[in-house]
Amino acid sequence: MEHIITANPYFGVFVLFVLTFGAFTATTIIARLASRALAAKDTEKIKLSVYECGPEVTKQPNRLSPQFYLFALLFLLFDVEIVFMFPWAVDFKVLGWFGFTEMILFIILLAIGFVYAWKKGALEWHNIK
Amino acid sequence: MLEPVNVSLESLNLMTLAPMLIPIVGALLILVVDLFKSNIDKSLYVMLSILFLFTDFMALAGSSSAFMQNGTLLGLFDVMLVDGLAIVSQFIIVVASMLFIPLALTSKRFHEFSYPEFFALFLFMIAGFQFMVATDNLILIFVGLETASLSLYTLIAMHNREKSFEAAVKYFTMGALAAGFYSFGSMIFYAVTGSVEINQIATVLVANGFSDIGFVMVGFAFILASFAFKLSLVPFHTWAPDVYEGSSAAMAGYMSIVPKIAAFIVAMRFFEFLIHSGLVWVEAILYVFVVVTMTAANLWALVQTDVKRMLAYSSISHAGFAMAAVMIGTTQANTALLLYWVLFTFTNLGSFSMLWISRQKKMLPGQNSDHSYEKFAGLVQSSPMAATIMALFMLSLAGVPPFALFWGKMYLISAAVTSGYTVLALIMALNSAIAGYYYLKLIVYMFMKDPVDSRYEKVIGSNLSLSLKTIIGIAAVGTIFAFIAVDPLLQAIGGFVYNSGY
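Rules and cut-offs
Residues numbered from 1 in each chain as written. Chains lettered and ligands numbered in written order. Predicted model: local features only at pLDDT ≥ 70, side-chain atom pairs only at ≥ 80, totals over all residues. Helix = DSSP H or I, 4+ residues; strand = E, 2+ residues; numbered from the N terminus. Buried ≥ 20, exposed ≤ 12 C-beta atoms within 10 Å, placed from the backbone. Contact = placed C-beta atoms within 7 Å. Expected span 1.5 Å × (residues − 1). Bend = angle between axes of the 7 residues up to and from the residue. pLDDT = per-residue confidence, 0-100. Axes fitted to C-alpha atoms, helices over the stretch in contact; angles between N-to-C directions. Parallel < 35°, antiparallel > 145°, perpendicular 65-115°, else oblique. Left-handed = near helix turned anticlockwise from the far one by under 90°. Nonpolar A, V, L, I, M, F, W, Y, C, P; charged D, E, K, R; others polar.

K.L.:
For this particular structure, what's the right way to read the overall build of chain A?
P.N.:
Helices and strands together make up the secondary structure of chain A, namely four helices and zero strands. Counting across all 129 residues of chain A, residues that qualify as buried make up 1%.

Now the structure itself:
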């Protein structure tokens, strides 16, 4: 495989940066629009208010289930794995056996982490042991 | 096209990595065992930890014989550095950990030991400390330091008392600050010299005659502050008594030994060239640190009403005492420091274990602190054995011959005199005399006073079990018969230190 030659060696990284930024922004905007269009809108005032006797409550603008944070962490586990594996796969022949053993060790460590998360029930919604 | 990368396994020297990999593998194994069979009794995990620590010990013995044949070993792209200092300190770390782990088998049930994660974190922490001492790469030191510290914060918090959460958060905040100081200081040294290896930094700085003296001063200040946090030198000691009080007595004893020896080794590596570079202010600053730490901590220890806090201040004072060796910086002083710490390990772990056997689940009405002096009043009447052993450890800490720490103090003070630090030697001797007061105060309470409250009789020894007895026995034997071991130990440590050029 030929590497693409650019004027600056980091130009490709810059292009990736711009693309990622664009993709991230687009995804967030689309998700926001989609949920606004699809969500059931029942804006009965008393229904939305929080029950509290006496003091007025401030409404939390957006509440997230802590489960999302766990999923984000698990996503990171595999995300970093892929980020690490792509350049390795491109330069597989250059890195040779040394690179291969390193990658195998890395995957074994990640697999242990994955099995740990799985057995602890982190992959099931609302079922954290 | 790029050239294929050819890394031969021999050039990596994986032997240098073996002692760290063993506890890591052990920790992962413990986690995996728990996944497939939960609710196993804690004694299995204790035994597994001891097994892996023992394997670690054997691996260390292997690398020490390799060191005796071939000298300092470099490995893994010259990041690992296995010299005499690394080997001796790793021996201290592993042996202290082997003595600590059986303290988990108490007769009362404690929350933290029911989790296998406790033992996994413990083994990860040991690997972190081992990485910290077996390298002169500032980045790997940082990684090791953080691995170890983050595990340690969690281990403290797992004791599950209100005070232990407080202790863990205090330690975490202070530790984060210290880590920030450390990374900032290393950044400055990297900016000045273009290297993260301590010997490279030394070579470059000496070659250009410390021309960037302003940067060196700022970097030194940050690095010194971070080490002072870890070693609890005054005025960076404020976390220590609270953290010791909040964590379990066994953990407090462990904390006063193992993290400090790791920090001492790194400090020795880092300050070595600065002290011998002829910069007067480096020595002056360290001198002030040493003297203030010894004296102030001793004075604070005098007024404590709780034995655990007293021992916390006493271990700060001992750290200052040992820091004097780093400041003197001769081979004799470095040898004396390591000898001191070997002896200190037995004595201090023993004295904290004596507090651990009298751990109360609930305080009695009217009792302010867990290990007040009143609790030990008249101990000789109810339990003469416990009182005698406790007195033995106290006498050793005070430096009474022929017990363990007397020899450590003697060699350290004689190293100071030989290098011409007569005033420092005098201050050290005076401080030992002051320290005698608060150690003897406990002995007076135990032997000469009448019991304050008969309910305390039941409390003392209530946590005792066979494994605790064994550990206390080993510590006591180590303290009493130190005079036999001192000479061969000194020979061995001296050889290791001399051959690695410190």
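K.L.:
Help me understand the overall build of chain B, please; the structure alone is not making it clear to me.
P.N.:
A count of helical and extended segments in chain B gives 22 helices and two strands. The 502 residues of chain B split such that 55% are buried. By sequence separation, contacts in chain B at least 24 residues apart represent 81% of the contacts at least 6 residues apart.

K.L.:
I keep staring at helix α15 (residues 331-356) of chain B and nothing clicks. Help me out?
P.N.:
Owing to its 3.6 residues per turn, the α-helix aligns residues three or four sequence positions apart on the same side. Residue and element names in this part refer to chain B. Helix length check: α15 (26 residues) gives 37 Å between terminal C-alpha atoms against 38 Å at 1.5 Å per residue, within 8%. The sharpest bend along α15 reaches about 30° and sits at F344. With 25 of 26 residues buried, α15 is to be regarded as a mostly interior element.

K.L.:
Would you explain the environment of Y153 of chain B in this entry?
P.N.:
All names here are of chain B. Tracing the chain through its elements places Y153 in helix α6 (residues 138-157). Taking the C-alpha atoms as reference points, Y153 and L311, 158 residues apart in sequence, are found 20 Å from one another. Dropping the residues within four chain positions of it, Y153 is found in contact with A168, Y171, F172 and G175.

K.L.:
Is there a simple way to think about the environment of T238 of chain B in this case?
P.N.:
Considering the arrangement of structural elements, one finds T238 of chain B in the loop between α9 (213-231) and α10 (239-246). Along the chain, T238 of chain B and P116 of chain B lie 122 residues apart, while their C-alpha atoms are 32 Å from each other.

K.L.:
I'm lost on the environment of M310 of chain B in this one. Help?
P.N.:
All names here are of chain B. Looking at the element boundaries, M310 is found in helix α14 (residues 307-328). C-alpha of M310 to C-alpha of L150: the two residues are 160 residues apart in sequence and 26 Å apart in space. With near-sequence residues (within four places) excluded, M310 lies in contact with A301, Q304 and Y438.

K.L.:
How should I be thinking about helix α4 (residues 92-119) of chain A in this particular structure?
P.N.:
Over its 28 residues, α4 of chain A extends only 33 Å from the first C-alpha to the last, a length that falls short of the 40 Å expected when each residue adds 1.5 Å. Of all the bends found along α4 of chain A, the most pronounced is centred on F98 of chain A and spans about 70°.

K.L.:
It is not clear to me how the confidence of the model for chain A should be interpreted in this structure. Could you clarify?
P.N.:
Caution is warranted with low-pLDDT regions, since their predicted coordinates should not be read in detail. Mean pLDDT over chain A works out to 80, with 79% of the residues at or above the 70 mark. Confidence, expressed as mean pLDDT per element, reaches its minimum in chain A at helix α2 (residues 45-48) of chain A with 68 and its maximum at helix α1 (residues 11-38) of chain A with 91.

K.L.:
Explain the packing of helix α7 (residues 162-193) of chain B against α9 of chain B to me, please; I cannot follow it from the model alone.
P.N.:
Residues and elements named next belong to chain B. Where α7 contacts α9, the two axes come as close as 8 Å, and the packing angle between them is 150°. For the element pair α7 / α9, the angle class is roughly antiparallel. Of the two elements, α7 crosses α9, and the hand of that crossing is left-handed. For the pair α7 and α9, contact is made by M174, L177, A178, F181, Y182, F184, G185, I188, F189, A191 and V192 and by F215, V216, V218, G219, F222, I223, A225, S226, F229 and K230, respectively. Residue composition of the contact of α7 with α9, by class: 17 nonpolar, three polar and one charged.

K.L.:
Just checking my understanding: could you explain unusual backbone geometry for this structure?
P.N.:
It is generally the case that most residues other than glycine have a negative phi and that most peptide bonds are trans. All names here are of chain B. The omega torsion of the bond from V234 to P235 falls at 5°, within 30 degrees of zero and hence cis. Inspection of the secondary structure puts P235 in the loop between α9 and α10. Phi is positive for N39, which is not a glycine, with a value near 60°. Position of N39 among the secondary structure elements: in the loop between α2 (18-36) and α3 (42-70). Phi angles above zero are rare outside glycine, and F210 is one such case at about 50°. Its location among the elements puts F210 in the loop between α8 (198-207) and α9.

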